Amino acid sequence: MIRICPSILNANLDDLPGEIAKIASASDLLHLDVMDGIFVPNFTFDFPRAREIIESSDIDVDVHLMIANADTESLAYTDTKAVSITVHLEACVDPEQTLKNIRKKGKRAALAIKPSTPVSAIQELVDHIDMVLIMTVEPGFGGQSFMSEMMPKVQSARHYLEQKGLSDTWLQVDGGINESTISIARKAGADTFVAGSAVFKSENPAGMIETLRRLASAVK
Ligand code: DX5
Ligand code: ZN
């Protein structure tokens, strides 16, 4: 199963309902990048604004929290309509408890790692994780180039999940996913793909999502 999650980071934020309408029929999840200007240098939304977007979206929302103090700061998001909440391992003091808190509220609990964090860091937590996010760019900005050197991490996460029989755990990649990189990430074992600029810079965003889905599905 392939999932495509458009990121609205580079969409026209002044007309979010219009932008979301363009992709609604083609998307699996809407990827919402929350950045606090502390964990990453960029700032996108505070909680009230993020909640507004989550509550008004017709598409299920996958929240990617690039925020410091994720153990406590993620709690508010568990009371929204978001279906999946991703925290960064680097921003948690007690990742296991934080993932448990997210699951307790009926959300998918997801754990992300930055390019410099080894994949071995998440192994002991996999039983508490519904989705692993391997960043394929340095978090903070859209429109950066895909880091193919992250593919061994994707491969080893896939291998580890298979070994543990965790076939329901999604494996997401985020950053630089486009028509030329999605097959590389699929081949490495990813099944859930975030795409920001590739989708929203396209003249036909819904068509681009379908193209990405077709390219990923074609990988044997
Ligand atoms: C980067 C964000 C990404 C970003 C992806 O920190 O987490 O979700 O929006 O954008 P593209 O697809 O343009 O790399
Ligand atoms: Zn993201």
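About the cut-offs
- Residues numbered from 1 in each chain as written.
- Chains lettered and ligands numbered in written order.
- Predicted model: local features only at pLDDT ≥ 70, side-chain atom pairs only at ≥ 80, totals over all residues.
- Heavy atoms only, no water.
- Near = heavy atom within 4 Å.
- Polar contact = N/O pair within 3.5 Å; in protein donor to acceptor, adjacent residues only side chain to side chain.
- Areas by Shrake-Rupley, 256 points an atom, 1.4 Å probe, with all protein chains shown as cover.
- 1 Å grid on protein atoms, 1.4 Å probe; cavity = no way out; pocket = protein on both sides within 12 Å on 5 of 7 lines; lining within 4 Å.
- Sits in = over half its atoms within 2 Å of the grid points.
- Helix = DSSP H or I, 4+ residues; strand = E, 2+ residues; numbered from the N terminus.
- Buried < 20%, exposed > 50% of the residue type's maximum accessible area, 1.4 Å probe, protein only.
- Lys, Arg positive; Asp, Glu negative; His and termini not counted.
- Salt bridge = Lys/Arg side-chain N within 4 Å of Asp/Glu carboxyl O.
- Contact = heavy atoms within 4.5 Å.
- Phe/Tyr/Trp six-rings, centres within 6.5 Å; stacked < 30°, edge-to-face > 60°.
- Lys NZ or Arg CZ within 6 Å of the ring centre and 35° of its normal.
- Donors = N, O, S within 2.8 Å, 3.2 Å for Na, K, Ca; no water.

Once that is clear, we can look at the site of ligand 1. Around ligand 1 sit 20 residues in total, of which Ser7, Gly140, Asp174, Gly196 and Ser197 are the nearest. At a separation of 3.2 Å, an oxygen atom of ligand 1 approaches a polar side-chain atom of His64. Contact between ligand 1 and Gly196: an oxygen atom at 2.8 Å from a main-chain N or O atom of the residue. In the complex, the protein chains occlude 100% of the 380 Å² of accessible area that ligand 1 would expose alone. The cavity where ligand 1 resides is the largest pocket. Of all the secondary-structure elements, those providing two or more residues to the shell around ligand 1 are strand E2 (30-35), strand E3 (61-66) and strand E8 (192-195). If one sorts the elements of the shell around ligand 1 by residue count, E2 sits on top with three residues.

This next bit is on the side chain of Asp62. Summarising the element assignment, Asp62 is placed in strand E3. There is no salt bridge for the buried Asp62, and the closest opposite charge comes from Arg108, which lies 8.3 Å off by N-O distance. Setting aside residues up to four positions removed in sequence, Asp62 forms contacts with Cys5, Leu29, Leu30, His31, Leu32, Ser84, Thr86, Met131 and Gln172.

On to the packing of aromatic side chains, then. Per the stated rule, a full pass over the model turns up one aromatic pair. Summarising the aromatic geometry, the rings of Phe47 and Tyr77 are spaced 4.8 Å apart at their centres and angled 80° between planes, so their arrangement reads as edge-to-face. Here the residue Phe47 occupies a position in helix H2 (residues 47-56), and Tyr77 occupies one in the loop between helix H3 (70-73) and strand E4 (84-88), the gap between them amounting to 30 residues. Using a relative accessible area of 3% as the deciding quantity, one classes Tyr77 as buried. Between Arg3 and the ring centre of Trp170, over which it is positioned, the NZ or CZ distance is 3.8 Å. The ring of Phe39 has Lys114 sitting right over it, with the charged end atom 4.9 Å from the ring centre.

Turning our eyes to something else, we now look at the coordination of the zinc ion (ligand 2). Protein coordination of the zinc ion (ligand 2) is provided by His31 (NE2), Asp33 (OD), His64 (ND1) and Asp174 (OD), with donor distances spanning 2.0 to 2.3 Å. Linear spacing of the donor residues for the zinc ion (ligand 2) on their chain is H-x1-D-x30-H-x109-D. Of this pair, His31 sits in strand E2 while Asp174 sits in strand E7 (residues 170-174); the two residues are 143 residues apart in sequence, bridging distant segments of the chain. The burial state of His31 is the same as that of Asp174; both residues are buried.

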